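Spelled out, the chains give:
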Amino acid sequence: MEDFVHLHVHTQYSILDGQASIPKLVDKAIADGMRGIAITDHGNMMGIKEFINYTNGKNGPINGEIKGLKKRIKDIESGKKEALEGLEDPAATVAECKAKVKELEAKRFKPIIGCEMYVAPRRLYQKEGKEADGANYHLVVLAKNEKGYHNLIKLVSKAWTEGFYNRPRTDRVELEKYKEGLIVCSACLGGEVPKKITRGMLSDAEETIQWYKSVFGEDYYLELQLHKATVARANHEAYELQLKVNEKLIEYSKKYGIGLVCTNDVHFVNEEHAEAHDRLICLSTGKDLDDPTRMLYSKQEWMKTTAEMNEIFGHIPEALANTVKICDQVEFYSIDHAPIMPNFEIPEDFGTEEGYRQKYTEEDLFNEFTRDEKGNVVLSQADAEAKIEKLGGYDKLYRIKLEADYLKKLTMDGAKKYYPDMTPEIEERLIFELHIMKTMGFPGYFLIVQDFIWAARNLLGVSVGPGRGSAAGSAVAYCLEITRIDPIKYDLLFERFLNPDRISLPDIDVDFDDDGRGEVLRWVTEKYGAEKVAHIITYGTMATKMALKDVARVQKLPLKESDRLCKLVPDRIPDKKINLANAIDYVPELKAAEESEDPIMSDTIKYARMLEGNVRGTGVHACGTIICRDDITDWVPVSTADDKETGEKMLVTQYEGAVIEDTGLIKMDFLGLKTLSIIKDAVANIKRTRGVDIDIDSISIDDPTTYKLFCDGGTIGTFQFESPGMQKYLRELKPSTFEDLIAMNALYRPGPM
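From a predicted model like this one, the values you see are computed outputs, not experimental measurements.

I tried to follow the overall build of the protein chain on my own but got confused; where do I start?
Each helix and strand counted, the protein chain has 31 helices and 13 strands in total. By its C-alpha atoms, the protein chain is 85 × 80 × 60 Å across when sized along the principal axes. For the protein chain, buried positions account for 51% of its 753 residues. Long-range pairs, those at least 24 residues apart, make up 77% of the contacts in the protein chain between residues at least 6 apart in sequence. When the accessible surface of the protein chain is totalled, it reaches about 35,700 Å², and 51% of it is carbon and sulfur. For the protein chain, the centre of its 100 positive side-chain charges and the centre of its 126 negative side-chain charges are spaced 2 Å apart.

Right, dumping it as structure tokens:
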């Protein structure tokens, strides 16, 4: 039996088409002894980060062993005394370790990053009607190495930003431009070559083959598929077409010396998921289950085992062997990156990178970045060198130092206003914070945040909140007017915000009035460049009630019964998360529905369980925004979404917020707050009706009338103080100072009360 690797796989990120979860696909492939698996979702790379993270987790123990062995090899070869102790033959030990590393590396499960792309019949920007430009060809594109991964990102992103016409489309020109590091396969019946064969356009099919062969050489493969339906309600026509196409592909393979691969067009994990997938397709196409005209799959699209694939393609061993050959060609590489800080434009009269290179030596930088703020040596030589490397090396340190020095200037300018009576303790606090920001590599982040906050207040007339979260613990942020709360006065901890012992990106949530948030984002986009600013995607999944409603609808379960099932799902289950399996165990009526003799009722429960948690659609993160140093598509794939305010297309990353920072991109949160709009309108009304100018930021926090409102519990519309429980305790506490309000808030939310 030939080994086999799946190279054509759709996950649930082929939205409303794929029903397979990434962990289950990977787990099944590993259990079957496969060396790897490719992910090739339709027109997107949305599942790639989850895929890589999951396989990294699976490979974790092996990678840990490899890392330990490589360290031992390095220590022995560098002559470390501890490593050489007790070794009779160091060279033999190194050879043993290297052999073990090679053996372990071969055991790692390989994630193959790919995409089933849509190729436009002409150029990607030509969109002149369905007949000329609507018929897109499928093409499986796999990344062979890191260069190929970045080229695939470019292809997929441009397909969305420039080629979108019903689908995100690339074209031959783009494929040739970004061909390096890519392997391509001719795809399913929707591919250009199979389509031309089925239409009898054989000379055109050969022209296509010759073009791909001329561009990709040995990295172009002709793809065989064979889905023989075994149930009545399925697509039986595809099999006959595949037989016809495969016959010609084998002929062309011999004629042009092109390798064959066999694939299964995977859309779900196991054979028993076929009916659940069938209902998903009904949701996607807006059809009922009993519609005789609806789209059908062959129901053979599960992730078949190596044995099952050998049973189908055993007579073409080359096609099986080539899947493993491709897997072996694919390299292991990381798609993660150290933080990629956007460049903040520093006035030339303050300093330039070139000037700093002439002014400071590498030794100066080494000492400044590896010692504490008082100049004391706090790291070993090895740890100090590792820190320099982690920050990006000396080339990067010149930029960080320039930004850090300018940040210090702005901070000290602000300190004159907010700390006019500067004490040694306050100065020490500022110097400490600035040093931490510098040695963690984050001064550029603070320069950018203070810049757009300044622009919001002074150029755009947008209200900005006083600050929220752990950023309020920074005296530097206070001096830069990022926050309006004095952390020294209120004894707030800077270490909750930034801590060198817990390396994580700073996270500053900035509140703008909800009418002005869009204006600030437009200003940021214009300043830093449209290609460097993007919103962050979100994925909407089929929650328990949604899964029930969706399946009930396509199965034509009466609406009354559908509503009844949804109402039976509890809002919470003690010590368990809410899902259909737990709800069935907890609610007898749901258990009865699952065991019902009515097949429509029992099937609704059965297939809702299978579809629950499936990605159902995408959205845009309410506040998360990426600002990058480079074109965002240098690092991650992007798609597009409609801006609800303007109706224009906006860039959206294809990786979600929970993982986007792993790739090095910097996320900033721009929140729109209705409260700020209300306050802004109130200030404008007072000016119009009373002729009085009010600076909301300088209002006294000792106003007795305001405290009387709190004492009376008159706090409707006051953030975190408006619940009935809070109002009750305020009436009992009778707060008279700001510190009373701090205590009340901390005790009630999320405290013991």
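Would you mind going over the pattern of salt bridges with me for this structure?
Opposite charge on two side chains lets them pair, provided their charged atoms get close. What the rule picks out here adds up to 61 salt bridges. The partner of Asp288 in a salt bridge is Lys556, with the nearest N and O atoms 3.8 Å apart. With Asp288 in the loop between α11 (274-285) and α12 (306-313) and Lys556 in the loop between α22 (544-555) and α23 (559-568), this residue pair connects regions lying 268 residues apart in the sequence. The exposure class of Asp288 is partly exposed, given its relative accessible area of 30%. Measuring nitrogen to oxygen at the nearest pair gives 2.7 Å for the salt bridge that ties Asp550 to Arg616. Separated by 66 residues along the polypeptide, Asp550 in helix α22 and Arg616 in strand β10 (residues 615-627) bring together distant segments of the chain.

What's the story with helix α15 (residues 362-370) in this structure? I'm lost.
Among the residues of α15, Leu365, Phe366, Phe369 and Thr370 are the ones counted as buried. Buried residues of α15, seen end-on, are gathered within an arc of 105° and therefore sit on one face of the element.

Help me understand the environment of Leu565 in this model?
Among the secondary structure elements, Leu565 is positioned in helix α23. Given the relative accessible area of 1%, Leu565 is considered buried. Sequence-wise, Leu565 and Thr604 are 39 residues apart; in three dimensions their C-alpha atoms are separated by 9.8 Å. With residues near it in sequence (within four places) discarded, Leu565 still touches Leu548, Leu557, Leu590, Ala593, Met601, Thr604 and Ile605.

Help me understand the packing of α22 against α23 in this model?
Helix-helix packing: each pair is described by the crossing angle between the helix axes and the interaxial distance. With their axes 9 Å apart at the nearest point, α22 and α23 run at an angle of 165° to one another. In terms of their interaxial angle, α22 and α23 are classed as roughly antiparallel. For the element pair α22 and α23, the recorded crossing hand is right-handed. Residue-level inspection shows Lys545, Leu548, Lys549 and Ala552 of α22 in contact with α23, the latter providing Ser562, Asp563, Leu565 and Cys566. Class assignment of the residues belonging to the contact of α22 with α23 gives a composition of 4 nonpolar, 1 polar and 3 charged.

Looking at this structure, I do not really get the state of the cysteines. What am I missing?
Here, disulfide denotes a covalent bond that connects the sulfur atoms of two cysteines. Applying the stated criterion across every chain, the model contains 0 disulfides. With no disulfide partner, Cys566 has as its closest neighbouring cysteine sulfur the one in Cys282, 18 Å distant.

So what exactly am I meant to see when it comes to the sheet that holds strand β9 (residues 533-541) here?
Two orientations exist for strands paired in a sheet by backbone hydrogen bonds: parallel and antiparallel. Reading across from one edge, β8-β13-β10-β9-β12-β11 is the order of the 6 strands in this open sheet, with mixed pairing throughout. Every interior strand has two partners, whereas the edge strands, β8 (509-513) and β11 (638-642), have only one. When the angles between neighbouring strand axes are averaged without regard to direction, this sheet yields 50°. Relative to strand β13 (residues 666-673), β10 is paired through 4 bridges, and the arrangement is antiparallel. Within β13, the position partnered with Thr625 by the bridge is Met668.

I tried to follow the side chain of Asn145 on my own but got confused; where do I start?
Tracing the backbone shows Asn145 in the loop between β3 (137-143) and α6 (146-161). A polar atom in the side chain of Asn145 sits 3.3 Å from the backbone nitrogen of Lys147.

Help me understand the packing of aromatic side chains, please; the structure alone is not making it clear to me.
In this description, an aromatic ring pair is defined by two values, namely the gap between the centres and the angle between the planes. Considering all chains together, one arrives at 22 aromatic pairs under this definition. Ring geometry for Tyr212 against Tyr220: centres 5.2 Å apart, planes inclined by 20°, an arrangement best described as stacked. Assessed through its relative accessible area of 2%, Tyr212 is described here as buried. Site record: aromatic cluster; members linked through ring pairs are Phe432, Tyr445, Phe446, Phe494 and Phe497. One Lys or Arg, Lys304, reaches over the ring of Trp302 and ends 4.6 Å from the middle of that ring. Its end group placed over the ring of Phe369, Lys438 keeps NZ or CZ at 5.9 Å from the ring centre.

What should I look at first to understand α23 in this one?
Each α-helix turn comprises 3.6 residues. Residues three or four places apart therefore point the same way. When α23 is considered as a whole, its buried residues turn out to be Ser562, Leu565, Cys566 and Leu568. In an axial view of α23, the angular spread of the buried residues amounts to 160°, which keeps them on one side of the axis. Opposite the packed face of α23, turned more than 90 degrees from it, sit the exposed residues Leu559, Lys560 and Lys567. Where α23 is buried, its residues contact α22, α25 (588-594) and α26 (599-611).

Calculation rules
- Residues numbered from 1 in each chain as written.
- Predicted model: local features only at pLDDT ≥ 70, side-chain atom pairs only at ≥ 80, totals over all residues.
- Heavy atoms only, no water.
- Helix = DSSP H or I, 4+ residues; strand = E, 2+ residues; numbered from the N terminus.
- Buried < 20%, exposed > 50% of the residue type's maximum accessible area, 1.4 Å probe, protein only.
- Contact = heavy atoms within 4.5 Å.
- Areas by Shrake-Rupley, 256 points an atom, 1.4 Å probe, with all protein chains shown as cover.
- Lys, Arg positive; Asp, Glu negative; His and termini not counted.
- Charge placed at Lys NZ, Arg CZ, Asp CG, Glu CD.
- Salt bridge = Lys/Arg side-chain N within 4 Å of Asp/Glu carboxyl O.
- Arc of directions from axis to C-beta.
- Axes fitted to C-alpha atoms, helices over the stretch in contact; angles between N-to-C directions.
- Parallel < 35°, antiparallel > 145°, perpendicular 65-115°, else oblique.
- Left-handed = near helix turned anticlockwise from the far one by under 90°.
- Nonpolar A, V, L, I, M, F, W, Y, C, P; charged D, E, K, R; others polar.
- Disulfide = S-S within 2.5 Å.
- Pairing = 2+ DSSP bridges.
- Polar contact = N/O pair within 3.5 Å; in protein donor to acceptor, adjacent residues only side chain to side chain.
- Phe/Tyr/Trp six-rings, centres within 6.5 Å; stacked < 30°, edge-to-face > 60°.
- Lys NZ or Arg CZ within 6 Å of the ring centre and 35° of its normal.

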